[in-house]
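A look at the structure
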Amino acid sequence: MATRTTTTARTRAAPAPSADHPDAHFTLDQLAVAYFDCRRTKRNTPSALVFEQHLERNLINLFDDLQDGSYQPGQSICFVVTRPKAREVWAADFRDRVVHHLLYNKISPRFYASFIKDTCACIPGRGTMYAAKRLEAKIRSVTQNWARPAFYLKCDLANFFVAIDKDVLRGQIAARVSEPWWLRLAETILFHDPRENYQLRGAPELLARVPAHKRLVNQPAHLGLPIGNLSSQFFANIYLDALDQHAKHRIGAKHYIRYVDDFLLLHESPQWLGAALASINEFLPRVLHANLNPTKTILQPIARGVDFVGQVIKPWHSRTRRRTVHEATSRIAGIPADDVFAAANSYFGLLRQADSSHADRAALARAVMRRGHCINGALTKTYRKSS
């Protein structure tokens, strides 16, 4: 494992917020809530364990830094994940993640209140299952329960996270965050450039597997959010809310849904969808300084099946994407024995989201049993090997 500390030239950054303004009111209890929210999925990470060793002292020090305006984000960790494809991930230090949660807990309700119900991902209760079920309901509506033909337009933004314009996003945040102290904290997080101070973990050669145009290190300072932080996921939804509003209220799309940067429009007329695509292609560069990926723009009949959030929805049934099932069985066959239990149950949970999943769960069960594990009769979970 390679570890490297790298610094780059200073870029634009917002100064830390000061507590001199009366809007800086938050309590130590609120910071503690942000800590517990943060540690829910990160408790066993090294930086979380270090922070927890002297928890009270660290929370009080962080509280004081935020109150007196001396808080600045720390060092990030850069690594590469390879599934489902090679992607560069930037993980903020645990201390900074607590601040992300503090900001999120304060301002997210006002944004969620204005989001359309068809905005999915990184919103409580709106995961992949929510998106798939909502899309299926829209398909049944536009096709009158599969009784008449209809079409779908599927689009994907080009190089989404690394192409987000932070100046545009700052204006969107400022439109709803009127308290100066909280806006300054949002700017501190938004304009922090993790490339100035980071450690590279993992094999350096893995970086070569990430396309150059998808790497944050190759973007100008005003573009790109680091994949891997709550703040980035939340900011991305704020950024694309403008697209959601344009699709619903300007284009007049009755059947529209978005999951991160993948979105669909449904209609009886392919000509109407073509006009909608032209409107979106004009809107994105003008307002968000973004563009669609033309290689992933699809317009075809719904009856052929709609591939969305890992499921393929066809008349009267949905199945997990074939590539996902093949990856699951292949991975179970090759991973270390100690990892089979957790990985298999994770895949069983994923496959159960599709309503026609018995054959896929049976294929996964056979792969798991070949590794020596038992499966329950419903083919929904496996058990640990007895010693």
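Residues numbered from 1 in each chain as written. Predicted model: local features only at pLDDT ≥ 70, side-chain atom pairs only at ≥ 80, totals over all residues. Heavy atoms only, no water.

**Notes on the overall build of the protein chain**
This is how it is decided: Only DSSP runs of H or I covering at least 4 residues are called helices, and only runs of E covering at least 2 are called strands; the numbering of each starts at the N terminus. Think of it in three bands: with a 1.4 Å probe and only protein chains considered, a residue is buried below 20% of the maximum accessible area for its type, exposed above 50%, and partly exposed in between. Only heavy atoms enter the contact rule, under which two residues are in contact if any of them lie within 4.5 Å. Methods summary: accessible areas were calculated by the Shrake-Rupley approach with a probe of 1.4 Å, and residue burial reflects only the protein chains presented. By the counting scheme adopted, Arg and Lys are positive, Glu and Asp are negative, and His together with the chain ends is not counted. In this description, the location of a charge corresponds to atom NZ of lysine, CZ of arginine, CG of aspartate or CD of glutamate.
Of regular secondary structure, the protein chain possesses 13 helices and twelve strands. Projected onto its principal axes, the C-alpha coordinates of the protein chain cover approximately 65 × 60 × 40 Å. Out of the 387 residues belonging to the protein chain, those deemed buried represent 49%. Once local pairs closer than 6 in sequence are excluded, the contacts in the protein chain between residues at least 24 apart make up 72%. Here the protein chain has roughly 18,500 Å² of accessible surface; of this, 53% comes from carbon and sulfur atoms. With 53 positive and 34 negative side-chain charges, the protein chain shows a spacing of 9 Å between the two charge centroids.

**Describing the sheet that holds strand S10 (residues 306–308)**
Under the convention used in this document: In this description, strands pair whenever DSSP reports at least two bridges between them. Every axis in this analysis is a line fitted to C-alpha atoms, fitted for helices over the stretch in contact. Angles between the N-to-C directions lie between 0 and 180 degrees.
Within the open sheet, the three strands sit side by side as S10-S11-S12. Their pairing is antiparallel. Either end of the sheet is taken by a strand with one partner, and the two such strands are S10 and strand S12 (317–320). Taking the axes of each pair of neighbouring strands and ignoring which way they run, one obtains an average angle of 25° across the sheet. In this sheet, strand S11 (residues 311–314) lies alongside S10 in antiparallel orientation, the contact comprising three bridges. By the bridge assignment, Asp 307 is partnered in S11 with Val 312. Relative to the sheet, helix H5 (residues 128–142) contacts S10 and S11, its axis offset from that of S11 by approximately 20°.

**Here we look at the sheet that holds strand S8 (residues 262–267)**
With mixed pairing, five strands are arranged side by side in an open sheet as S4-S7-S8-S5-S9. Each edge of the open sheet carries a strand with a single partner, namely strand S4 (119–120) and strand S9 (298–301). Note that strand S7 (residues 255–259) and S8 share five bridges and pair antiparallel. What sits directly across from Tyr 256, in S8, is Leu 265.

**Section: the pairing of S12**
Burial along S12 is one-sided: the face carrying Ser 318 and Thr 320 is buried and the face carrying His 317 and Arg 319 is not. Two elements, S11 and S12, share four bridges in a ladder whose sense is antiparallel. Paired with Val 312 across the bridge in S12 is Arg 319.

**Here's the deal with helix H1 (residues 28–39)**
Helical geometry note: an α-helix holds 3.6 residues per turn, so side chains three or four residues apart project in the same direction. Let me state the cut-off plainly: Given the number of residues in a helix, its expected span is that number minus one, multiplied by 1.5 Å.
Counted at 1.5 Å a residue, the expected span for H1 with its twelve residues is 16 Å, and the 16 Å between its end C-alpha atoms agrees. All of the buried residues along H1 are Leu 31, Ala 32, Ala 34, Tyr 35, Asp 37, Cys 38 and Arg 39.

**As for the pairing of S8**
Strand direction decides the pairing type here: strand S5 (residues 151–156) and S8, joined by six bridges, are antiparallel. Bridge assignment links Tyr 152 to a residue of S8, and that residue is Leu 266. Hairpin geometry of S7 and S8 is characterised by an intervening segment of two residues between the two adjacent antiparallel strands and by a positive phi of about 55° at Val 260.

**Some details on the side chain of His 255**
Assignment of secondary structure puts His 255 in strand S7. Ignoring any residue separated from it by four or fewer positions in sequence, one finds His 255 in contact with Lys 138, Ser 141, Val 142, Leu 264, Leu 265 and Leu 266.

**Here we look at the environment of Phe 51**
With respect to the helices and strands, Phe 51 occurs in helix H2 (residues 46–53). With near-sequence residues (within four places) excluded, Phe 51 lies in contact with Tyr 35, Asn 58, Leu 59, Phe 94 and Arg 95.

**Let's talk about helix H9 (residues 230–251)**
To keep things clear, this is the line we draw: We define the bend at each residue as the angle formed by axes fitted to the 7 residues ending at it and the 7 residues starting at it.
Helix length check: H9 (22 residues) gives 31 Å between terminal C-alpha atoms against 32 Å at 1.5 Å per residue, within 8%. Of all the bends in H9, the greatest, near 35°, is centred on Leu 240. Directly after H9, the chain includes Gly 252, whose backbone phi takes a positive value near 80°.

**Digging into the packing of helix H11 (residues 322–334) against helix H12 (residues 337–351)**
The test is simple: Each angle is binned into one of four classes, with values under 35 degrees roughly parallel, values over 145 roughly antiparallel, values of 65 to 115 roughly perpendicular, and all other values oblique. Each crossing is labelled by how the near helix is turned from the far one, with a counterclockwise turn of less than a right angle marking it left-handed and a clockwise turn marking it right-handed. In this classification, Asp, Glu, Lys and Arg are treated as charged, Ala, Val, Leu, Ile, Met, Phe, Trp, Tyr, Cys and Pro as nonpolar, and every other residue, Gly included, as polar.
Packing of H11 against H12 brings their axes to within 10 Å, and their N-to-C directions diverge by 165°. Classified by the angle their axes make, H11 and H12 are roughly antiparallel. Remark: the crossing between H11 and H12 carries left-handed chirality. The segment H11 lies against H12, with Thr 324, Val 325, Glu 327, Ala 328, Arg 331 and Ile 332 engaging Val 340, Ala 343, Ala 344, Tyr 347, Leu 350 and Leu 351. Its residues placed into classes, the contact of H11 with H12 shows nine nonpolar, one polar and two charged.

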